[in-house]
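Chain and residue survey
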Amino acid sequence: MASKVQEIIGAASAIAKGMSVTLGEMLSPTITEGYPDEPVRFEQRYRGLHVLERDENGLEKCVACFLCAAACPSNCIYIEAAENTAQQRISAGERYAAVYNIDYNRCIFCGYCVEACPTDAITHGHGFELASYDTASLVYRKERLLAPRP
Amino acid sequence: MPELVKLTIDGKEIEVPAGTLVINAARQVGIEIPAFCYYEGLALQAACRMCLVEVEKAPKLLTACTLPVAKDMIVRTETPQVAAARKGMLEFLLANHPLDCPVCDKGGECELQDMTFRYGAGESRFSEEKQHIEEQQWSPVVFFDRPRCILCFRCVRICNEGMGVAALGVINRGARSEIAPNKGDHLECDECGMCIDICPVGALTSGIYRYKTRPWEMEYAGTICTHCADGCKTTLSVRNGRVIRGNNRDHSGINGEFLCVKGRYAFDFLEHPERLHQPLVRRGVELQHASWKEAVALVAAKFNEVRERGGAFGVIGSARTTNEENFYLQKFARSWLNTNNIDHRRSGDVVALLDALAGLPGSLATTADVYHAGAVLIVGADLAQQHPLLSFQVRANVRHHGARVYVVHPHPQREDKVAAQVVRARGLAGIGQIREKLAGEQSLVVLFGEHIQGADVRRLVEMLPATARYVALVDYANSRGALDMGLLPDLLPGYQPAPAPGLSLQEMVGASLDVLWVVGANPLQGRARASGFLVVQELFLTETARQADVVFPAAAAYEKTGSFTNVCGEVQRLKKGPAVAGPKTDLEIMGLLARQMGHELAPPLPEAVFEEIRRSVAGYNIPYATFVTGAASATQYPNGPIARQGSSELIRSARDTLFTSGTLGRYCSVLNSVRERDLVRVEE
Ligand code: SF4
Ligand code: SF4
Ligand code: SF4
Ligand code: SF4
Ligand code: SF4
Ligand code: FES
């Protein structure tokens, strides 16, 4: 008989313990994000869609040194360089990137390009909604990557 | 043979000839001593102090680049003291060197970058502002960025010693020294770009390659220059199907580091807006675009019709198409069109020379011979303008081996400066004046141009010692190959006599032939066509192409594989650089015509035709391995009398200068941009 009572008490306490965890979690703040109903929260160093930065004067920071392309392990950065002239100044250095493409079919978001860049021109932004039905549209041109003018 | 000296470098014992510099001795045992100002072949400078090494019993560090080896010398290159010295020297060099690598065109192949990476400090101790000086443009191709210059004086030496131009100099002394061009703010020079290539840093950069790309972004094709007959190897850097630059950084080929303005920069004709990309067919009075199919069918039908009724064909070949194409063309003409009316524009009397050398085997000089010979005789050619590489070889020979140079020309030449004797006279008459001197030359190389031709060539050979070796100077990249391949009315490939000699070029352009077929030449410049039907294969609408009934757009030499034979009779391989859409190689065009005409010639593949040449043309049985690895192989000549038929014609060189290149040169905007000053002329 005594063993039966003990069994019931044991079961009840186990349930109480389990429920206390459940109820405790129910009352604590949620971690799950409400995307797409709510905006996503990012850690500072999240590596998303690249941004080609501008300097304080609105000039492009990229000087088309090709170091990001050299560092890229999936070979997805394509650049064509050109020279700034007095009439048309695009970047602060002597040269600028006339063409700058990143192929997001291949980019693995490793961040090596960002690390390689001597002018801090390329950074990882927090953009991540890249899915597309058309792979051709995944080659982003400079115009899509550039930060807006200040 | 100088005596051998034994020394020890970093514990490795080595024996080298006396007089060897420590820096080179170290290289032989695989020890790299860093150096900026030392450059093999140029005068010693000891300006950069990068090569300091420790020598036992010497109180201070010594410069390995000026230190000859000595018996039982003990050299150490990796001691803490040496490392500190290298680090210190680099710190000095970088004191005012801008942090320009991301924009600097040298980035990625810069010796200063490499050295700093290997031997330099990780951080700079300078906090001062760097002094900025604006970049200067010295010529269409040469840019100078003074703060980047490390004052190694390589550029000054290559321009002075190597090129014989001396357009660059040093002004001021000590810390104020700077490199300056000969005309104050600009250069008037050969525009060879040698100074740019030799500069270890990005102080001298090229206007053509400027800010275009990076060395690791390009593909490289080592091919042969399409301009003059010297046959320099030029490595084309190709990105996205476009040639971005030409150079010979790996120093391979017969030319080592040398390239003149044409081999280095004159490739832009490939992208000239007037380049033909589609066949043209004359409809009514106008040339109109047509498809390949239509144009080929039209020409094949015409050829067949004329062939069947036994009409007269004339075929004019080119001095810029490959050996394979020339061989195929003459075979096409002789075996299928049944004509010996085949010729090309001749620019030097090679045939007379080979005839005169019958019984004197091994009497053709190679490019290397021009560098090694004890004496060089230059007759009737402006070598510096027309044969830049040979001219460079002559100067190097004088510098390194003290060769005696004899110049025979009625007008002043650059070679006068290094000559032991100059004779201001023409041809044989001039040589007569120094005959005794030349008779004493046991190792003589003779370079002769158009002043000596016809019967004079034999007289020349008879006048000079039997050990002399010769080069008959010709104009274009494959002028020599065109002769060897039998683009001649009276001679078959390998200089075998043709059964019935045909018409020469001069006769063909005046004759009323049924068909004139011009492959890569411009014979109707300044004259109207006389033939019934004119077919032209060309890159551009030249004066000849404009008069044609059908024009086929042809690929340039940089766009095909094959082989060229240079002025010294050395065969070298062409490697295809960029691919081109639209034009076809001359070989492909001929193959299409043959097939359409229902005639299976040999397959129009360069490799197959080359095999046939190797098998059937006398002197061309060169080692295949040498050929495919891109080295030059000297061909043999018949070594027997050559039976010429018909009168020998007056041969005239086109007298191209450094900045012209026949019809092709007109489409090279780089050449034209530097030519504007019109400084140069080649005197008759
Ligand atoms: S983004 Fe940075 S690393 Fe890439 S080319 Fe531009 S400057 Fe160079
Ligand atoms: S010269 Fe070399 S070290 Fe100097 S900026 Fe150019 S690449 Fe950098
Ligand atoms: S381009 Fe050639 S000729 Fe002109 S300065 Fe440079 S080395 Fe001298
Ligand atoms: S320009 Fe270049 S080659 Fe000439 S001294 Fe300066 S660093 Fe040397
Ligand atoms: S010397 Fe002749 S072959 Fe050599 S680069 Fe100049 S033009 Fe070309
Ligand atoms: S390499 Fe010896 S001092 Fe420059």
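Residues numbered from 1 in each chain as written. Chains lettered and ligands numbered in written order. Predicted model: local features only at pLDDT ≥ 70, side-chain atom pairs only at ≥ 80, totals over all residues. Heavy atoms only, no water.

**Regarding the side chain of Q572(B)**
Residues and elements named next belong to chain B. On the secondary structure map, Q572 appears in strand β29 (residues 570-574). Q572 sits in the buried class, given a relative accessible area of 2%. Within the structure, the side chain of Q572 is placed 2.8 Å from the backbone oxygen of G231, a separation counted as a polar contact. Beyond its immediate chain neighbours, meaning those up to four positions away, Q572 contacts I224, G231, I254, G562, S563, F564, N566, F627, A631 and A632. (Helix = DSSP H or I, 4+ residues; strand = E, 2+ residues; numbered from the N terminus. Buried < 20%, exposed > 50% of the residue type's maximum accessible area, 1.4 Å probe, protein only. Polar contact = N/O pair within 3.5 Å; in protein donor to acceptor, adjacent residues only side chain to side chain. Contact = heavy atoms within 4.5 Å.)

**Notes on the domain arrangement of chain A**
When the domains of chain A are assigned, the result is domain 1 (1-31) and domain 2 (50-145). Computed from C-alpha atoms alone, the centre-to-centre distance between domain 1 of chain A and domain 2 of chain A is 57 Å. (Domains from an automatic or database assignment.)

**Some details on the pattern of salt bridges**
Applying the stated criterion across every chain, the model contains 43 salt bridges over all chains. Its salt-bridge partner being E60(A), residue K142(A) comes within 3.0 Å of it at the nearest N-O pair. One end of the pair, K142(A), is in helix α4 (residues 142-145); the other, E60(A), is in the loop between β1 (50-52) and α2 (67-71), and 82 residues separate them in sequence. The same class applies to K142(A) as to E60(A), namely buried. D369(B) is the partner of R469(B) in a salt bridge, and the nearest nitrogen-oxygen pair spans 3.3 Å. Within this pair, whereas R469(B) is found in strand β22 (residues 469-472), its partner D369(B) is found in helix α10 (residues 367-372), the two being separated by 100 residues in sequence. Each member of the pair, R469(B) together with D369(B), is buried. Beyond isolated ion pairs, a larger network of salt bridges with shared partners links K302(B), E305(B), R309(B) and D514(B). (Salt bridge = Lys/Arg side-chain N within 4 Å of Asp/Glu carboxyl O.)

**Quick look at a nonpolar patch on the surface**
Residue and element names in this part refer to chain A. Side chains of I15, M19, L23, M26 and L27 sit close together on the surface and give an oily, nonpolar patch of about 580 Å² of accessible area. When you line up the elements, I15 lands in helix α1 (residues 2-27). Judged by its relative accessible area of 56%, I15 falls in the exposed class. (Patch = residues over 30% accessible without salt bridge, like charges linked within 9 Å, V, L, I, M, F, W, Y side chains within 5 Å. Areas by Shrake-Rupley, 256 points an atom, 1.4 Å probe, with all protein chains shown as cover.)

**Thoughts on the site of ligand 5**
All names here are of chain B. The environment of ligand 5 is formed by C225, H227, C228, G231, C232, F258, L259, C260, K262, G263, P388 and L389. Contributing elements (two or more residues each) for the shell around ligand 5: α6 (261-265) and α12 (388-401). Grouping the amino acids of the shell around ligand 5 by side-chain chemistry returns eight nonpolar, three polar and one charged. (Near = heavy atom within 4 Å. Nonpolar A, V, L, I, M, F, W, Y, C, P; charged D, E, K, R; others polar.)

**Thoughts on helix α2 (residues 80-93) of chain B**
Residue and element names in this part refer to chain B. Between its first and last C-alpha, α2 extends 20 Å over 14 residues, near the 20 Å set by a 1.5 Å rise per residue. When α2 is considered as a whole, its buried residues turn out to be V82, A85, R86, M89, L90 and L93. End-on view of α2: buried residues confined to an arc of 130°, all on one side of the axis. What points out from α2, more than 90 degrees from its buried face, is the exposed set P80 and F92. Its buried side turned inward, α2 meets β3 (52-55), β5 (74-76) and α3 (111-119). (Expected span 1.5 Å × (residues − 1). Arc of directions from axis to C-beta.)

**Some remarks on the domain arrangement of chain B**
According to the domain assignment, chain B contains domain 1 (4-78), domain 2 (294-346 + 478-640) and domain 3 (350-473). Once you take the C-alpha centre of each, domain 1 of chain B and domain 3 of chain B turn out to be 38 Å apart.

**Overview of the environment of G231(B)**
If you trace the backbone, G231(B) turns up in the loop between β11 (219-224) and β12 (233-239). Those residues within four positions of G231(B) in sequence are excluded, and the remaining contacts are I224(B), I254(B), N566(B) and Q572(B).

**A word on the site of ligand 3**
Close to ligand 3 lie C159(B), V165(B), A167(B), L168(B), L187(B), C189(B), D190(B), E191(B), C192(B), G193(B) and C195(B). Its residues assigned to classes, the shell around ligand 3 comprises eight nonpolar, one polar and two charged.

**Concerning the nonpolar core**
All names here are of chain B. Counting residues in each nonpolar core, the largest one holds 116 residues, and the members touching the most others are F269, F303, F332, W517 and F552. For this core, the leading source of residues is helix α7 (residues 292-308), giving seven residues. When residues are assigned to domains, this core turns out to be shared by domain 1 (4-78) and domain 2 (294-346 + 478-640), each giving three or more. Setting aside its immediate chain neighbours within four residues, F303 contacts F313, L337, V515, W517, V535, L593 and M597. Listed in part, the 56 residues of the second largest apolar core include A365, V379, L383 and C568. (Core = buried A, V, L, I, M, F, W, Y, C linked by side-chain atoms within 4.5 Å.)

**With respect to the packing of helix α8 (residues 323-336) of chain B against helix α20 (residues 606-616) of chain B**
The geometry of a pair of packed helices is captured by two quantities: the angle between their axes and the separation between those axes. Residues and elements named next belong to chain B. Contact pair α8 / α20: the axes reach a minimum separation of 9 Å and the direction vectors enclose 75°. Judged by the inter-axis angle, α8 sits roughly perpendicular to α20. Facing α8, whose interface residues are N323, E324, F327, Y328 and K331, α20 presents P606, V609, F610, E612, I613 and S616. Classifying every residue of the contact of α8 with α20 gives six nonpolar, two polar and three charged. (Axes fitted to C-alpha atoms, helices over the stretch in contact; angles between N-to-C directions. Parallel < 35°, antiparallel > 145°, perpendicular 65-115°, else oblique.)

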